[in-house]
Each structure stands twice: as structure tokens, then as C-alpha cells.
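# Examination of the molecular architecture
One letter stands for each residue in the lines below.
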Amino acid sequence: MTDMGALRKAVTAWAAGGPGGPAHDLADRLLVHTAVLLEGPSDVAAVDAMAARHGRDLAAEGVCVLPMGGAMSVGRFAGLLGPSGLDLRLVGLCDEREQDFYARALKRADASPQSLFVCAADLEDELIRALGVGTVTELVEAEGESRRLQAFLQQPAQQGRAAQQQLRRFLGTKAGRKIRYGRVLVEALDPARTPAPLAGLFAAL
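Residues numbered from 1 in each chain as written. Predicted model: local features only at pLDDT ≥ 70, side-chain atom pairs only at ≥ 80, totals over all residues. Heavy atoms only, no water.

Let us now look at the environment of A175. As for its placement among the helices and strands, A175 is situated in the loop between α9 (163-171) and α10 (177-188). Accessibility expressed as a relative area gives 77% for A175, which makes it exposed. C-alpha of A175 to C-alpha of R148: the two residues are 27 residues apart in sequence and 14 Å apart in space. (Helix = DSSP H or I, 4+ residues; strand = E, 2+ residues; numbered from the N terminus. Buried < 20%, exposed > 50% of the residue type's maximum accessible area, 1.4 Å probe, protein only.)

Attention shifts here to the pairing of strand β4 (residues 116-119). When a strand is regular, its side chains alternate between the sheet's two faces. Here 4 bridges tie strand β3 (residues 89-95) to β4, and the two strands are oriented parallel to one another. Its bridge partner lying in β4, L93 is registered against F117. On the question of chirality, the crossover connecting β3 to the parallel β4 by way of helix α5 (residues 99-108) is right-handed. (Pairing = 2+ DSSP bridges. Right-handed = clockwise from strand over helix to strand, strands pointing away.)

With that settled, the discussion passes to helix α7 (residues 133-142). Two residues of an α-helix separated by three or four positions point the same way, owing to the 3.6 residues in each turn. Every buried residue of α7 is listed here: V136, L139 and V140. Mapping the buried residues of α7 onto a view down its axis gives an arc of 100°, with all of them on the same face. Projecting away from the buried face of α7 at angles above 90 degrees are the exposed residues E138 and A142. Trailing α7 by a residue or two, G144 shows a phi angle of about 80°, which is positive. (Arc of directions from axis to C-beta.)

Moving on to the packing of aromatic side chains. Applying the stated criterion across every chain, the model contains 1 aromatic pair. One residue, R177, lies across the ring of F170, its end atom 4.0 Å from the ring centre. (Phe/Tyr/Trp six-rings, centres within 6.5 Å; stacked < 30°, edge-to-face > 60°. Lys NZ or Arg CZ within 6 Å of the ring centre and 35° of its normal.)

Attention now moves to the sheet that holds strand β2 (residues 63-67). By way of backbone hydrogen bonds, the strands of a sheet pair with one another, either parallel or antiparallel. Sheet architecture is open: 4 strands sit in the order β2-β1-β3-β4, paired in parallel fashion. One side of each edge strand has no neighbouring strand; the edge strands of this open sheet are β2 and β4. Put simply, the sheet's adjacent strands are angled 15° from each other on average, direction ignored. Where helix α4 (residues 74-81) meets the sheet, it contacts β1 (34-38), β2 and β3, and its direction lies at approximately 175° from that of β1. (Axes fitted to C-alpha atoms, helices over the stretch in contact; angles between N-to-C directions. Contact = heavy atoms within 4.5 Å.)

Right, let's get into the environment of V32. Along the chain, V32 turns up in the loop between α2 (21-29) and β1. Its relative accessible area of 10% is what places V32 among the buried residues. Expressed as a C-alpha distance, the spacing of V32 and A59, which sit 27 residues apart in the sequence, is 8.0 Å. Ignoring any residue separated from it by four or fewer positions in sequence, one finds V32 in contact with M4, L7, A27, G62, C64 and L88.

With that settled, consider the packing of helix α6 (residues 123-131) against α10. With their axes 10 Å apart at the nearest point, α6 and α10 run at an angle of 35° to one another. Judged by the twist between their axes, the crossing of α6 over α10 is left-handed. Facing α6, whose interface residues are E124, L127, I128 and L131, α10 presents K178, L185, V186 and A188. Within the contact of α6 with α10, the residues separate by chemical class into 6 nonpolar, no polar and 2 charged. (Left-handed = near helix turned anticlockwise from the far one by under 90°. Nonpolar A, V, L, I, M, F, W, Y, C, P; charged D, E, K, R; others polar.)

A few words on the pairing of β1. With 5 of 5 residues buried, β1 is to be regarded as a mostly interior element. Pairing between β1 and β2: 5 bridges, direction parallel. Within β2, the residue paired with T34 across the bridge is V63. Where β1 meets β3, 4 bridges bridge the pair, whose relative direction is parallel. Within β3, the residue paired with V36 across the bridge is V91.

Moving on to the nonpolar core. Core analysis: the largest hydrophobic core is formed by 37 residues, its most contacted members being V47, V65, L185, L198, L201 and F202. Considering every element that reaches this core, the biggest residue donor is helix α3 (residues 41-53), with 6 residues. Discounting residues that sit within four places of it in the chain, L185 has contacts with L127, I128, L131, V136, L139 and L171. One finds L37, L80, C94 and A111 within the second-largest nonpolar core, a separate group that totals 33 residues. (Core = buried A, V, L, I, M, F, W, Y, C linked by side-chain atoms within 4.5 Å.)

Below, the structure is given as C-alpha cells:
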């Protein structure tokens, strides 16, 4: 995992304009063959938790799970990691509103469009729908955030919103919370109710 973390850093530095040599060397040494392109660290937390639940060590399998720092970076990362760069197989998970952008980036990188898995709003929304509002509320309470949630729900901006939308917004209101709950929500999933985009992603790995 430490070495795969080093590869993530090397690729991120390369995408920011640094040299590509360190990423090439690490990818070769780690026998990496697939890169999973994710928008940010909360998606990585969910994917890592899902892998742990299924007893899979993605790093040992040659899969690099990579947060790009936002959907707008997908073109840059796909170009560096695809045939013209590290020549890795590219797999992506994105929100519906970013689907066309991702699809164009993967096509430019000569990656298969079948390797893109799309969440309706975002992964948190998919997980909340799969678990149900009641279960997610219980999980928030178990994490010691019941008072924070109740205070949030009293805010005028939340009045009239559906409970699912309220919970999704709550998860994004504090730095690090989405990362934390990316793991918590996945760990609570009934495997039979795994959201289709997440199940599809793992079936492709």
C-alpha cells in the first residue's frame, strides 16, 4: 500500500507538470496494469472499503485507485495513464453530470467506454438510497454526530428538502466527513444491495 501511495503521488505530480519518470518506474516495479480514475478521496475511501469487504487487495492485484482532485482533471490523467503514457487499462467512476466529459476523455485516451460506471448524483447518493434514510441516520448517530445532524436539519435551507437530499448535503458540510462516511456507508451495505455503479466497477477489476 505504501508503494501504491507513492505511485499515486508520482502520477499526481506528473499531472501537475512534473516529470513522468518516477511514475513510470513505480508502475513497472509494482506491475500495475489498471488505473481506477476517481474524482476525490471520498470515492477512494468507499472503493477501498468495498475491496476490504470482498477480501481483495487491489494494490497486490496491480490496480491503482487514483483520486484526481476533481472531475475536470480526467482528460489530463487519462492521457498520462492510457496508451500514450503508462499504457494502463483505464476504469472510471463518475457522477451523471460528468458522464459526457469522462466519456470524451476516455475516448481520446483510446480507453473502452464500457469501463465507465456512472452514479445518478454521486456515490454518496447511491449509497444512501441503497441503505435507506433510516439506516444512514442510525449510522450518523453511531458515529456520534446525532446533535450535529439535528442542528443541520433545523437550518432554513433544509426545510422542504427530501430526507435523502438532506443527508447527502450533511455528508458534504464538513471537511473530511465525506471521506469518513465513504467507508462507514460501504461497511454497512448488504452485499445484495450494492449500488450498480460500484458493483459494476468491481466486476470490471
